[in-house]
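# Tertiary structure, described
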Amino acid sequence: MGIKIKLFADKSIQSLQQLWNAFDPIGVYEYSEWPDDEYLTYVYETADLFEKGVTFEQLYAYVCDVVRNRIGLSSVSVSDTEIVDFVRHLQAWYDVYK
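These numbers come from a predicted model, not from an experiment.

### Details of the confidence of the model for the chain
In the predicted model, the chain carries a mean pLDDT of 89, and the fraction of residues at 70 or more is 89%. When pLDDT is averaged over each element of the chain, helix H5 (residues 56-70) comes out on top at 97 and helix H1 (residues 3-10) at the bottom at 53.

Here you go:
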């Protein structure tokens, strides 16, 4: 059974989404009520990466690409250390749900 099927079956996708929402690189949840789906695209992409056996380095590169290129934030807005910490949280999440 792939992780996506398992995620949907046991609703752990919601906890992955909570991780992205807590990371909140844009800062939308800091000041206002915002729909919970702001980072949903990245949630599903992250799940797909885990399904493919992503390494720490690949996951780090993916999150950097999201933050730096797709969202367009500099290292002043979101530091490399914050990204590393977030990737560690993602890996810990996966260790629980795999």
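Let's pick the thread back up.
### Section: the nonpolar core
The tendency in soluble globular proteins is for nonpolar side chains to be buried as a group. Leu16, Trp20, Phe23, Val63, Ile83 and Leu90 are the most contacted members of the largest nonpolar core, which has 24 residues in total. Elements with a contribution of two residues or more to this core: helix H2 (12-23), helix H4 (40-51), H5 and helix H6 (80-97). With six residues, H5 is the largest single contributor of residues to this core. Other than its neighbours up to four places away in sequence, Val63 contacts Trp20, Phe23, Ile83, Phe86, Val87 and Leu90.

### Quick word on H5
In this model, H5 (15 residues) spans 20 Å end to end at C-alpha, consistent with the 21 Å of a helix rising 1.5 Å per residue. Those residues of H5 lying buried are Leu59, Tyr62, Val63, Cys64, Val66 and Val67. Looking at the buried positions of H5, the neighbouring elements they touch are H2, H4 and H6. Phi for Gly72, located one or two positions after H5, is positive at around 90°.

### Overview of the environment of Tyr97
Looking at the element boundaries, Tyr97 is found in helix H6. Under the relative-accessibility criterion, Tyr97 is labelled partly exposed at 25%. In this structure, the C-alpha to C-alpha distance between Tyr97 and Leu16, residues 81 residues apart in sequence, is 9.7 Å.

### Thoughts on unusual backbone geometry
For Asp24, which is not glycine, the phi torsion reads 40° and is therefore positive. For Asp24, the position within the fold is in the loop between H2 and helix H3 (28-31).

### Structural notes on the pattern of salt bridges
Evaluation of the coordinates by the stated rule reveals three salt bridges. Close ionic contact of Arg68 with Asp80 constitutes a salt bridge, the shortest N to O distance being 2.9 Å. Here Arg68 is found in helix H5, whereas its partner Asp80 is found in helix H6, with twelve residues between them in sequence. Its salt-bridge partner being Asp85, residue Arg88 comes within 3.7 Å of it at the nearest N-O pair. Taken together, the residues span about one helical turn, with Arg88 and Asp85 both in helix H6 at a distance of three residues. Overall, Asp85 belongs to the partly exposed group, its relative accessible area being 35%.

What counts, and where the lines are drawn
- Residues numbered from 1 in each chain as written.
- Predicted model: local features only at pLDDT ≥ 70, side-chain atom pairs only at ≥ 80, totals over all residues.
- Heavy atoms only, no water.
- pLDDT = per-residue confidence, 0-100.
- Helix = DSSP H or I, 4+ residues; strand = E, 2+ residues; numbered from the N terminus.
- Core = buried A, V, L, I, M, F, W, Y, C linked by side-chain atoms within 4.5 Å.
- Buried < 20%, exposed > 50% of the residue type's maximum accessible area, 1.4 Å probe, protein only.
- Contact = heavy atoms within 4.5 Å.
- Expected span 1.5 Å × (residues − 1).
- Salt bridge = Lys/Arg side-chain N within 4 Å of Asp/Glu carboxyl O.

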